[in-house]
Amino acid sequence: MASVSFSNIKKSYGDVDIIRGVSFTVEAGEFLVMVGPSGCGKSTLLRIVAGLEEITAGDLKIGERVVNDVPPRERGVAMVFQSYALYPHMTVRENLEFGLKIRKESQDLIRQRVETAAKMLDITQYLDRLPKQLSGGQRQRVAIGRAIVRQPDVMLFDEPLSNLDASLRTQMRVELKKLHHELGATMIYVTHDQVEAMTLADRIVVLNQGIIQQIGSPAELFERPANRFVAAFIGSPSMNFLRGELGDGRFKAEGLNIRVDKTPFEVGIRPQHLEITQDEDSEVVMQVEVVEPMGWEAHVHGMCGAQRMVAHVRHDAIANIRPGDTLRFNVEEGCAHCFDESGLAL
Ligand code: ADP
Ligand code: MG
C-alpha cells in the first residue's frame, strides 16, 4: 500500500479547465471516496492517478515518488471500471491470469493468486466460464479480481457498481468494505452516489466543477457541511433551505420561527432533524401535500409558508395525516445550519 498526493493538480482540454487546482493526500491504506455530480471531473482525476491522462500542471506522488512521467504499468496501481472491461473471448480464469502472465510471473504464483482472489470474491465455481455466461454482478467481481491478483499499492474504482441493480449494489458495497479490511490496500473510489460515498468511505472528497468543496469523514460532511453545495449534495432527502428575516435572535418567515445564534441569509434543516410537536408555538408549520410511507419511516412533503419542505419521520407518528393537514415541528437542538449569501456555512 502507498499514499497518493495531489499537489495543485490542473487539467485542461484546449482552453477548457476541467480540474482547477486540486491538492490533498490519500493516506496509505485509506478508503477514500471522491463524490460529485456527473461531469465534475472525478474520472479525470482517477485516470490521472492511473497514468491514463497527462497532467496540465502540478505534481502527483505515489508513495514518495513523483509519477507525472511514469507510465501506467510502472505505477503499482490497478483500476476497476464501471463497464467491467473483461476480455470477452477469455474465460474468467484467463482474465484473472492475464495481467500476471504479461508480467511473466511463475505458474505457481499465478495459480495461487488467482485461487485466493476467486475464493475471496466467491467466483471459484465460474473460473471456466466466459464473461457472457455471467451476470452483471459476477462480471464486476471478476473485474475486481483482476485488480486484486496484481497486488497493487493503490486500487482505483470508477463507479464500479453503477451498472448493478439496487439490491446487488447494496450487497457489493458491503463486500467492497470487507475486501478493504482484508487487503488493507489504499483505495480511491469514485461515485456520483452520495449514499455509496457515505457508506464506504473513511474520508470523502466532494468535488464540483473541478474544485474540491470539502474533505472530511462522512459524519463531518453530514454534520458540518462547509457550504450550501455540500449541504445539499450529502444526505437524503436533500437538506431544506429556507429564507427569512432576522430579528431578536430568531429567523422568521411565514410558517417559520427558529432560534439562531448567527446571522444567516439562509437556514438549512435536514429532513431528519424536524421533530413533530403538538406545541402551538412550534418553530415550523407545514401544510402537508404528499406522504411517502416506507414501512418504518416516511417522507412528508409540503409547504412551509411559500417554501417547499420535506420531513423524514417515523411512519407511526403521521399514520393519520392526510394532504391538506397541518404538521408542526421543532428543529432538533443545534441542527439548524446557517449560510451566508454566497453559500458559505457560518
Ligand atoms: P465525471 O467522471 O465526474 O462525470 P469526467 O472526469 O469524466 O467527469 O469529465 C469532466 C469534464 O471533462 C466533462 O465536462 C467532460 O465533458 C470533460 N472531458 C472529459 N474527457 C475529455 C476529453 N478527452 N476532451 C474534452 N473534454 C473532456
Ligand atoms: Mg466518470
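Here the structure is shown first, and the text comes after it.
Predicted model, so just to flag it, every value in this text is computed and none were measured. (Residues numbered from 1 in each chain as written. Chains lettered and ligands numbered in written order. Predicted model: local features only at pLDDT ≥ 70, side-chain atom pairs only at ≥ 80, totals over all residues. Heavy atoms only, no water.)

### What about the pattern of salt bridges?
What counts is decided by this rule: The salt bridge criterion pairs a side-chain nitrogen of Lys or Arg with a carboxyl oxygen of Asp or Glu, the two atoms within 4 Å. Runs of E in the DSSP output that reach at least two residues are strands. Runs of H or I that reach at least four are helices, and both are numbered from the N terminus. Throughout this description, buried means an accessible area under 20% of the type-specific maximum (1.4 Å probe, protein chains only), exposed means over 50%, and partly exposed covers the range between.
For the structure shown, the criterion picks out 14 salt bridges. With its nearest N and O atoms 3.8 Å apart, the salt bridge here joins glutamate 53 to lysine 11. Separated by 42 residues along the polypeptide, glutamate 53 in the loop between helix H1 (42-50) and strand E4 (57-62) and lysine 11 in strand E1 (residues 4-13) bring together distant segments of the chain. Considered together, glutamate 53 and lysine 11 belong to a single accessibility category, that of buried residues.

### A closer look at the packing of helix H3 (residues 107-121) against helix H4 (residues 136-148)
The angle between the axes and the distance between the axes are what describe a pair of packed helices. Note the cut-off: For helices, the fitted line uses only the C-alpha atoms of the stretch in contact; every axis is such a line through C-alpha atoms, and the angle between N-to-C directions lies from 0 to 180 degrees. Orientation categories follow fixed angle ranges, with anything under 35 degrees roughly parallel, anything over 145 roughly antiparallel, 65 to 115 roughly perpendicular, and all other angles oblique. Two helices that cross are described as forming a left-handed crossing if the nearer one is turned anticlockwise from the farther one by less than a right angle, and a right-handed crossing if clockwise. Whether two residues are in contact is decided by their heavy atoms: any pair within 4.5 Å suffices. Three classes are used: nonpolar for Ala, Val, Leu, Ile, Met, Phe, Trp, Tyr, Cys and Pro, charged for Asp, Glu, Lys and Arg, and polar for all others, with Gly counted as polar.
Running from N to C, H3 and H4 point in directions that differ by 140 degrees, and their axes come no closer than 9 Å. Considering the angle they form, H3 stands oblique to H4. For the pair H3 and H4, the crossing hand works out as right-handed. Taking contact as the criterion, the partners of Ala117, Met120 and Leu121 in H3 are, on H4, Arg141, Ile144, Gly145 and Ile148. For the contact of H3 with H4, the per-class residue count stands at five nonpolar, one polar and one charged.

### With respect to the sheet that holds strand E3 (residues 31-35)
Stated precisely, the cut-off is as follows: We treat two strands as partners when DSSP finds at least two bridges between them.
What the six strands build is an open sheet, ordered E6-E7-E8-E3-E9-E10; its pairing is mixed. Looking along the sheet, the strands with just one partner apiece sit at the ends: strand E6 (77-81) and strand E10 (211-216). Strand after strand, the sheet turns through a mean of 15 degrees between neighbouring axes, direction not considered. Pairing geometry for E3 and strand E9 (residues 203-208), over four bridges, is parallel. Directly across from valine 35, in E9, lies its bridge partner valine 206. The sheet contacts of H1 involve E3, E6, strand E7 (154-158), strand E8 (186-191) and E9, and relative to E7 the element is tilted by about 150 degrees. The strands touched by H4 within the sheet are E6 and E7, with E6 carrying the most contacts at an inclination of about 175 degrees.

### Some remarks on helix H2 (residues 92-102)
Every buried residue of H2 is accounted for by Val92, Asn95, Leu96, Glu97 and Leu100. Against the buried residues of H2 lie H3 and H4. Of the residues flanking the end of H2, it is lysine 104, one or two places downstream, whose phi is positive at about 60 degrees.

### Here we look at the site of ligand 1
Stated formally: Put simply, a residue is near a molecule or strand once any heavy atom of it comes within 4 Å of that molecule or strand. Nitrogen and oxygen atoms within 3.5 Å of one another constitute a polar contact, given that in protein one can donate a hydrogen and the other can accept it, and given that sequence-neighbouring residues count only through two side-chain atoms. For the accessible areas, the method is Shrake-Rupley and the probe is 1.4 Å, while residue cover comes only from the protein chains on display.
Around ligand 1, the structure places Tyr13, Ile18, Pro37, Ser38, Gly39, Cys40, Gly41, Lys42, Ser43 and Thr44. Interatomic distance of 2.9 Å between a backbone N/O atom of lysine 42 and an oxygen atom of ligand 1. Burial of ligand 1 by the protein chains amounts to 55% of its free accessible area of 560 Å². Residue classes in the shell around ligand 1 are distributed as four nonpolar, five polar and one charged.

### A few points about the nonpolar core
Just so we agree on the cut-off: Take the buried residues of types Ala, Val, Leu, Ile, Met, Phe, Trp, Tyr and Cys, join any two whose side-chain atoms come within 4.5 Å, and each joined set is a nonpolar core.
Ranked by internal contacts, the top residues of the largest apolar core, which has 44 residues, are Ile123, Ile144, Phe157, Leu176 and Tyr189. Contacts of isoleucine 144, omitting those with residues within four sequence positions, involve Val80, Leu121, Met155, Phe157, Met172, Leu176 and Leu179. Listed in part, the 29 residues of the second largest apolar core include Ala2, Val22, Leu45 and Val154.

### Considerations on the side chain of glutamate 53
What makes glutamate 53 buried here is its relative accessible area of 16%. Within the local environment of glutamate 53, its side chain forms a polar contact with the side chain of tyrosine 13, the two groups lying 3.1 Å apart. At 2.9 Å, the side chain of glutamate 53 and the side chain of arginine 47 are in polar contact. Setting aside chain neighbours within four positions, we find glutamate 53 in contact with Lys11, Tyr13, Thr44, Arg47 and Ile48.

### Details of unusual backbone geometry
Following serine 236, the chain continues into proline 237 via a peptide bond in cis, with omega recorded as -5 degrees. Structurally, proline 237 is set in the loop between helix H8 (228-233) and strand E11 (240-243). Despite not being glycine, alanine 85 shows a phi value in the positive range, around 55 degrees. With respect to the secondary-structure elements, alanine 85 resides in the loop between E6 and H2. On the basis of relative accessibility, which here comes to 39%, the residue alanine 85 falls in the partly exposed class. Residues other than glycine seldom take positive phi values, yet aspartate 122 does so here, at roughly 60 degrees. For aspartate 122, the position within the fold is in the loop between H3 and H4.

### Some words on the sheet that holds E1
Pairing in this open sheet of four strands is antiparallel, and the strands run E2-E1-E4-E5 from one edge to the other. Either end of the sheet is taken by a strand with one partner, and the two such strands are strand E2 (16-26) and strand E5 (65-66). The sheet contact formed by E4 and E5 spans two bridges and is antiparallel. Paired with lysine 61 across the bridge in E5 is valine 66. Against the sheet, H1 touches E1, E2 and E4, its axis set at about 115 degrees to E1.

### Observations regarding the packing of aromatic side chains
The geometry of an aromatic ring pair comes down to the distance between the two centres and the angle between the two planes. Defined as follows: Note on aromatic contacts: the rings of Phe and Tyr and the six-membered ring of Trp form a pair at centre separations within 6.5 Å, being stacked when their planes are under 30 degrees apart, edge-to-face when over 60 apart, and tilted otherwise. The rule is short: NZ of Lys or CZ of Arg within 6 Å of the ring centre and within 35 degrees of the ring normal puts a charge over the ring.
For the coordinates displayed, the defined rule picks out six aromatic pairs. Residues phenylalanine 157 and tyrosine 189 carry aromatic rings whose centres are separated by 5.7 Å and whose planes lie at 35 degrees to one another, so their mutual orientation is tilted. One end of the pair, phenylalanine 157, is in strand E7; the other, tyrosine 189, is in strand E8, with 32 residues separating them in the sequence. Residue tyrosine 189 is classed as buried on the basis of its relative accessible area, which comes to 0%. Members of the aromatic cluster, joined through ring pairs, are Phe31, Phe157 and Tyr189. Above the plane of the ring of phenylalanine 241 lies arginine 228, whose end atom (NZ or CZ) is 4.0 Å from the centre. Sitting above the plane of the phenylalanine 222 ring, arginine 270 keeps its charged end 4.1 Å from the centroid.

Everything listed is a geometric property; what it means functionally is a separate question.
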